[in-house]
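Summary of structural features
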Amino acid sequence: MKAHSQELSDEVCRQHIALYVNEFSREMGAEGAAALAELRARGQAAGLLPR
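Here's a quick rundown of the structure.

1. Points about the overall build of the protein
Looking only at helices and strands, the protein features three helices and zero strands. When the helices and strands of the protein are read in sequence order from the N terminus, they spell out α-α-α. Taking 10 Å as the expected radius of gyration for a compact globule of 51 residues, we find that the protein reaches 15 Å, considerably beyond that expectation. The dimensions of the protein, computed from C-alpha atoms along their principal axes, are 40 × 25 × 15 Å. Counting every position in the protein, which comprises 51 residues, the buried fraction comes to 8%.

In structure tokens, the structure reads:
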């Protein structure tokens, strides 16, 4: 993660992980997969993603 971050502080990295890493990060399950499919469909409908 640090190789791609603007801030290298351990504390800032810990805060980032605490904020953004959650159960969906570990295992998205059916609900997360459905959300991802919906996002993909909307992106395609808007012409932002290839079909």
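2. Re a nonpolar patch on the surface
Among the surface-exposed residues, F24, M28, L36 and L39 lie close enough to one another that they form a single nonpolar patch of about 380 Å² accessible area. Tracing the sequence through the fold places L39 in helix α3 (residues 29-45). Exposure remark for L39: the relative accessible area of 56% places this residue in the exposed category.

3. Some details on the pattern of salt bridges
Inspection of the entire model under this criterion finds three salt bridges. We note a salt bridge from E38 to R42, for which the minimum N-O separation is 2.7 Å. In this pair, E38 and R42 both sit in helix α3, four residues apart, roughly one turn of the helix.

4. A look at the environment of A41
Residue position: A41 is located in helix α3. It is 8.7 Å that separates the C-alpha atoms of A41 and R51, two residues lying ten residues apart in sequence.

Cut-offs and rules
- Residues numbered from 1 in each chain as written.
- Predicted model: local features only at pLDDT ≥ 70, side-chain atom pairs only at ≥ 80, totals over all residues.
- Heavy atoms only, no water.
- Helix = DSSP H or I, 4+ residues; strand = E, 2+ residues; numbered from the N terminus.
- Rg over C-alpha atoms; globule rule 2.2 N^0.38 Å.
- Buried < 20%, exposed > 50% of the residue type's maximum accessible area, 1.4 Å probe, protein only.
- Patch = residues over 30% accessible without salt bridge, like charges linked within 9 Å, V, L, I, M, F, W, Y side chains within 5 Å.
- Areas by Shrake-Rupley, 256 points an atom, 1.4 Å probe, with all protein chains shown as cover.
- Salt bridge = Lys/Arg side-chain N within 4 Å of Asp/Glu carboxyl O.

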